[in-house]
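Letter by letter, the chains look like this.
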Amino acid sequence: MPQKSLGVALIGTGFMGKCHAMAWRTVAATFGGAHHRLEVLCDMPEDRARAYAAQFGFARATADWQAAVSDPAVDVVSITTPNGMHRPMAEAALRAGKHVWLEKPMALTLADAQSMADLAAEHPGQVTILGYNYLRSPAFQAAVGLMQSGVIGQPHAFRGVYDEDYSADPDLPWSWRMTHAEGGLGALGDLGCHLVSQMVALMGPVAEVTAQTQISIPTRPSPEGAKPVENEDSALALLRFSSGAQGSFATSRVARGRKCRLQWEVHGADGTIVFDQENMNQLWVHRTGEAGFTRHLTGPDQPDFAAFCPAPGHNFGFNEQKVIEARDLVSAIAGGPPCGPDFAAGLEIERVIHAMATSNGRPVQL
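What this report covers is the structure whose coordinates are included nearby. Please read these numbers as outputs of a predicted model, since none were measured by experiment.

Time to look at the packing of helix α6 (residues 138-148) against helix α7 (residues 187-203). Two numbers describe how α6 lies on α7: the axes approach to 9 Å, and their chain directions differ by 25°. Classified by the interaxial angle, the pair formed by α6 and α7 is roughly parallel. Here Phe140, Val144 and Met147 of α6 lie close against α7, whose contacting residues are Gln198, Ala201, Leu202 and Met203.

Have a look at this one:
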């Protein structure tokens, strides 16, 4: 790991903001190298920023995100704000010469994502990475390795689901997440893009999608009365990959009882691999000739697990994935292997979910 310390700005202090702060504080303790300087934390109002700066260990606080991204002590900007702020903040950071760690979804619209990818291409010396942390799971990395080594043979089909129930209650108040102007896509932008990131890593590029979306709860209560839900609660799709393999895809934010069912399976000529994020420390593998599936528990023989724990079966967690993501970013900034998905790869993920959003039952070529 590099010995040069990076100056960090963090914008946003919600769920993912805290994950980023924990990752920045933990990455050196886990993987070695320099401890990074937590320079400035940004949130609104400023007293909130000051409180979280003290809690997270940042040296300074501000309510001015433009000042944060242009701060000369800052080398890399973590952006964990609501979706509508992703493009202006990320582009400002790039123009200020900073590396960018941006939470997904990349942008509100495909045009916004294209603009961000174009600008990143004009700044090749600056590293961009999107927060698709599920790609860093040791079990998922092991699954990719098994497929690349030919354990299940030629992949024929992918079946994937990402369901949660955080919007299943019809009395849940209306919020910005349910608008196109501030939230962008709904279940596809919040959940489905994670499934696409894993699907593409396993199966390669998507050539065609045919999809339908649904708004299950058309209005939500607010202090001003009922307000319309503009983006999808769920989506279903059939896919064809560039390899010729086929796939199915489903995502929902109103699936009662589901908490983080990021579940997929790949059917190959010689076997099948199955994974479910709700049981993220298990990978199930079937090979031709076996009676059923073999359960593989996460352990130090899988990528990156041993840096956290030397003993198998001692369970990996959500936040550890973020620490690996930080490690990959720091290493890439120091000239190590490229990390991803960067903004160029993120644009391809956006193309898939926006194709699903606009398909309306008709095939869309990518």
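Time to look at the state of the cysteines. One pass over the full model with this rule turns up 0 disulfides. Free cysteine: Cys260, not disulfide-bonded; nearest cysteine sulfur from Cys19 at 12 Å. The exposure class of Cys260 is buried, given its relative accessible area of 17%. We note that Cys339 lacks a disulfide partner, and the nearest cysteine sulfur, in Cys193, lies 17 Å from it.

For the rest of this paragraph, the subject is the nonpolar core. Counting 100 residues, the largest nonpolar core has Phe58, Phe158, Leu202, Trp264, Ile273, Phe343 and Met356 as its most contacted members. Considering every element that reaches this core, the biggest residue donor is α7, with 8 residues. With residues up to four places along the chain from it excluded, the contact list for Phe158 reads Leu195, Met199, Leu202, Met203, Phe241, Gln246, Gly247, Ser248, Trp264, Glu265 and Val266.

Glancing now at empty space enclosed by the protein. One pass over the structure, following the stated rule, counts 1 cavity of 30 Å³ or more. Considered as a void within the structure, the largest cavity measures approximately 80 Å³ in volume. Lining the largest cavity we find Asn83, Pro105, Tyr166, Trp176, Arg177, Gly183, Leu185, Gly186, Gly189, Asp190 and Arg253. Residue composition of the lining of the largest cavity, by class: 4 nonpolar, 4 polar and 3 charged.

Thresholds applied
Residues numbered from 1 in each chain as written. Predicted model: local features only at pLDDT ≥ 70, side-chain atom pairs only at ≥ 80, totals over all residues. Heavy atoms only, no water. Axes fitted to C-alpha atoms, helices over the stretch in contact; angles between N-to-C directions. Helix = DSSP H or I, 4+ residues; strand = E, 2+ residues; numbered from the N terminus. Parallel < 35°, antiparallel > 145°, perpendicular 65-115°, else oblique. Contact = heavy atoms within 4.5 Å. Disulfide = S-S within 2.5 Å. Buried < 20%, exposed > 50% of the residue type's maximum accessible area, 1.4 Å probe, protein only. Core = buried A, V, L, I, M, F, W, Y, C linked by side-chain atoms within 4.5 Å. 1 Å grid on protein atoms, 1.4 Å probe; cavity = no way out; pocket = protein on both sides within 12 Å on 5 of 7 lines; lining within 4 Å. Points joined across faces, edges and corners; volume = space filled by probe spheres on them. Nonpolar A, V, L, I, M, F, W, Y, C, P; charged D, E, K, R; others polar.

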